[in-house]
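Listed here are the chains, written in short residue letters.
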Amino acid sequence: MTSLRTRWLGRLPYAEAWDLQRALHEGRVKGRSKSDYLLLLEHPPVFTIGRNGDSSNLVAGLQTAGEAGAEVHHVDRGGDITFHGPGQLVGYPILEIDDPKQIIPYVRRLEEVIIRTIADLGIRGWREDGLTGVWTDKGKVAAIGVRVSRKVTMHGFALNLHPDMAYFGMMNPCGITDRPVSTLSELVGRRVSLEEAVEYLIPHFESVFGYTDTESQFAAFARGQGRSQSFEVDRLLAEGTFSAEKRGEDPLLVNGRLPGEPPRPKWMKVTAKLDGDYLELKKMMRSLSLNTVCEEAGCPNIYECWGMGTATLMILGDKCTRACSFCNVTTGKPTEFDVFEPFRAAEAIEKMNLKHAVITSVNRDDLSDGGAGIFAQTIVESRRRSPGTEIEVLIPDFKGDREALRTVMDQRPEVLNHNTETVLRLQRDIRTSANYGRSLALLWRAKQMYPEGLIKSGLIVGMGETRKEVVTTLADMRAVGIDIVTIGQYLRPTARHRPIHRYVHPDEFAEYKRFGEGLGIPHVESGPLVRSSYHAKESREAVPVTIGSKP
């Protein structure tokens, strides 16, 4: 029996969720994943029109929809027009079915899942002959629109919990003009949260579709989506941990540890080797007014890497617009936008005579393209001065901007690296303003834009995740087609940062490497001191030439 992996992803824009579906669909078809997926999420306001839909059913028109903050997408599913937005639970099953012609029985099973789910809340729902969806005494409460390609499903269902019903007045829902639409909260007589609906729905989905081997991973439920939660990163942010101007006194350390932290094991010992090569490289970076993530992030491998004449250049300044609880880069309002920086970075790469150069940056959410143009120009100038050098870029998520990513990928970097950083459950507590689904969609998009290049991502462990969460994350990474994964130990940069939850034993790192490569990930670099750029050249060379090779 096929296993099922369920993911609650939180709020994700429609275009990114659509591409994530495509990534997992492709992974299922090509055999990267042997598991089915159920993606559960919430969208910002969006109207979607199916392949046989009538655009005139958006009666308010495109301009009015846009003024109301809603996107409009023409999509490759069945059905007519639907609305998705806050207060609505959306589900996208990526399932392999035996007979792709038997779509109606599949749709009936989706309807049954929803009928059973709302029954748990005391609401009777039913099907209507000749129509899809779930109906109640006060109208339609759930819409369904699906696609089956190469025996694997896409798209799915939307259950109205408490959406803004004004949007439904802008369209003829599903092309139907004589039937009302209702919400579960109206029917129940109280606000039904997304968290509550997710908890009810998953067991029914597993039962109706007959899954016995299942696992579920959940992002945090944001305010208004479920039970209130507190997050470590919010406390750190309030205390000024990430701001050079607002930092208070450091917490008291006992034997170098915060309360509750384990002692540092012997395998985490790093020897500082301040030899001539290290000092020479440091001097060159200062002379060119360049930053390195090696210094800014307090990387433990700086002595080894700099002693070998390699460094990861950090462009776009040294102030980040985001705050992540593991990171030592200062958070603040950037003041730098140096158009000459790509030329200096290219000069440094030439002087170091690098065969493989790594270029990264802070997050620059203040820029319209997130800094993608500077990345692209840095690649151009580096190739001009060092045509034999492979280029790896470690990029932020550009807030999901497809065109910003394309700006970088048009320059054909040999490796596109974007870190997932942690497991789905801990994303909100560790990566503010980031999203697990966005990161996976970005990596797949990069591969579509430049199939001959490699895509790479990294995880930090020891921050509170479980072994099961790590291996399921590796399964997700394989499903979307990631070529290289790095896994390393979290080391608290300062006494103000997130405490170390545990030190992961080298045997466990070896286990992750075996598991990831056993899934089919071409190369997993896993160890206590591994970082995103550690042994970057060796990792690139470890991937078989048939993967990512140029035609």
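Computed from a prediction, not measured in an experiment: that's the story for all the values here. (Residues numbered from 1 in each chain as written. Predicted model: local features only at pLDDT ≥ 70, side-chain atom pairs only at ≥ 80, totals over all residues. Heavy atoms only, no water.)

(A) Broad picture of the pattern of salt bridges. In this structure the tally under the stated criterion is 44 salt bridges. A salt bridge links D234 to R428, with the nearest nitrogen and oxygen atoms 2.9 Å apart. Taken together, the residues span a long stretch of sequence, with D234 in helix α6 (residues 232-238) and R428 in helix α13 (residues 427-430) at a distance of 194 residues. Classification of D234 as partly exposed rests on a relative accessible area of 31%. Note that R385 is salt-bridged to E350, the shortest N-O span being 2.5 Å. Separated by 35 residues along the polypeptide, R385 in helix α11 (residues 372-385) and E350 in helix α10 (residues 341-352) bring together distant segments of the chain. The class of E350 is partly exposed, set by a relative accessible area of 35%. Through salt bridges with shared partners, a single network forms among R108, E111, E112, R116 and R127. (Salt bridge = Lys/Arg side-chain N within 4 Å of Asp/Glu carboxyl O. Helix = DSSP H or I, 4+ residues; strand = E, 2+ residues; numbered from the N terminus. Buried < 20%, exposed > 50% of the residue type's maximum accessible area, 1.4 Å probe, protein only.)

(B) The arrangement of the sheet that holds strand β8 (residues 139-149) in detail. Taken together, the seven strands give an open sheet; going across it, the order is β7-β8-β9-β6-β2-β1-β10, and neighbouring strands pair in mixed fashion. Each edge of the sheet is formed by a strand with only one pairing partner; in this case those strands are β7 (134-136) and β10 (214-218). Sheet twist, expressed as the average angle between the axes of neighbouring strands with direction ignored, equals 15°. Bridge analysis of β8 against strand β9 (residues 152-160) gives eight bridges, and the strand direction is antiparallel. Opposite V146, over in β9, you have H155 as the bridge partner. In this fold helix α3 (residues 103-119) packs onto β6 (88-94), β7, β8 and β9, with an angle of close to 145° to the strand it touches most, β8. (Pairing = 2+ DSSP bridges. Axes fitted to C-alpha atoms, helices over the stretch in contact; angles between N-to-C directions. Contact = heavy atoms within 4.5 Å.)

(C) Examining the packing of aromatic side chains more closely. A complete count under the given rule lists 11 aromatic pairs for this structure. Three or more aromatic residues joined by ring pairs form one cluster here, namely F47, F83, Y167 and F168. Over the face of the ring belonging to W18 we find R22, whose NZ or CZ atom lies 4.1 Å from the ring centre. Lying over the aromatic face of W135, R179 brings its terminal NZ or CZ to 5.1 Å of the ring centre. (Phe/Tyr/Trp six-rings, centres within 6.5 Å; stacked < 30°, edge-to-face > 60°. Lys NZ or Arg CZ within 6 Å of the ring centre and 35° of its normal.)

(D) Highlighting the nonpolar core. Within the largest apolar cluster, 123 residues are counted, with the highest numbers of intra-cluster contacts made by L89, F205 and L416. Among the elements that line this core, the one with the most residues is helix α14 (residues 436-449), at eight residues. Counting 11 residues, the second largest nonpolar core, distinct from the first, contains A65, A70, Y167 and M170. (Core = buried A, V, L, I, M, F, W, Y, C linked by side-chain atoms within 4.5 Å.)

(E) Focus on the packing of helix α1 (residues 14-30) against α14. Where α1 contacts α14, the two axes come as close as 8 Å, and the packing angle between them is 65°. It follows that α1 is roughly perpendicular to α14 by the angle criterion. For the element pair α1 and α14, the recorded crossing hand is left-handed. Across the interface between the two elements, A15, E16, D19, L20, R22, A23 and E26 of α1 pack against G437, R438, L440, A441, W444, R445 and Q448 of α14. (Parallel < 35°, antiparallel > 145°, perpendicular 65-115°, else oblique. Left-handed = near helix turned anticlockwise from the far one by under 90°.)

(F) Structural context of α14. Between its first and last C-alpha, α14 extends 20 Å over 14 residues, near the 20 Å set by a 1.5 Å rise per residue. Here α14 lies mainly inside the structure; 13 of its 14 residues are buried. If you check the start of α14, you find a side-chain oxygen 2.8 Å away from the backbone N of G437, and it comes from N435. (Expected span 1.5 Å × (residues − 1). Polar contact = N/O pair within 3.5 Å; in protein donor to acceptor, adjacent residues only side chain to side chain.)

(G) Quick look at a nonpolar patch on the surface. A cluster of nonpolar side chains, namely F337, V339, F340 and F343, defines an oily patch on the protein surface of about 410 Å² accessible area. Structurally, F337 is set in the loop between β14 (330-331) and α10. Owing to a relative accessible area of 48%, F337 belongs among the partly exposed residues under this scheme. (Patch = residues over 30% accessible without salt bridge, like charges linked within 9 Å, V, L, I, M, F, W, Y side chains within 5 Å. Areas by Shrake-Rupley, 256 points an atom, 1.4 Å probe, with all protein chains shown as cover.)

(H) Broad picture of the pairing of β9. Burial analysis of β9 places nine of its nine residues in the buried class, the great majority of the element. In this sheet, β9 lies alongside β6 in antiparallel orientation, the contact comprising four bridges. Note that in β9 the partner of G91 across the bridge is F157. Where β8 hands over to β9, the hairpin turn is made up of two residues, of which R150 adopts a positive phi near 55°.

(I) Main features of helix α16 (residues 506-519). Between its terminal C-alpha atoms α16 stretches 20 Å, which fits the 20 Å expected from 14 residues at 1.5 Å a residue. All of the buried residues along α16 are E508, F509, Y512 and G516. Along the axis of α16, the buried positions cluster into a sector of 105°, meaning they face one direction only. The exposed residues of α16 that point more than 90 degrees off its buried face are D507, R514 and G518. One or two residues past the end of α16 sits G520, with phi positive at roughly 115°. (Arc of directions from axis to C-beta.)

(J) Highlighting the packing of helix α15 (residues 467-480) against α16. Contact geometry for α15 and α16: axes closest at 9 Å, N-to-C directions at 30°. Taken together, the axes of α15 and α16 are roughly parallel relative to one another. Helix-helix and strand crossings are classified by hand; for α15 and α16 the assignment is right-handed. Between α15 and α16, the residues in contact are R467, V470, V471, L474, A475 and R478 and E508, E511, Y512, F515, G516 and L519, respectively. The residue makeup of the contact of α15 with α16, split by class, is seven nonpolar, one polar and four charged. (Nonpolar A, V, L, I, M, F, W, Y, C, P; charged D, E, K, R; others polar.)

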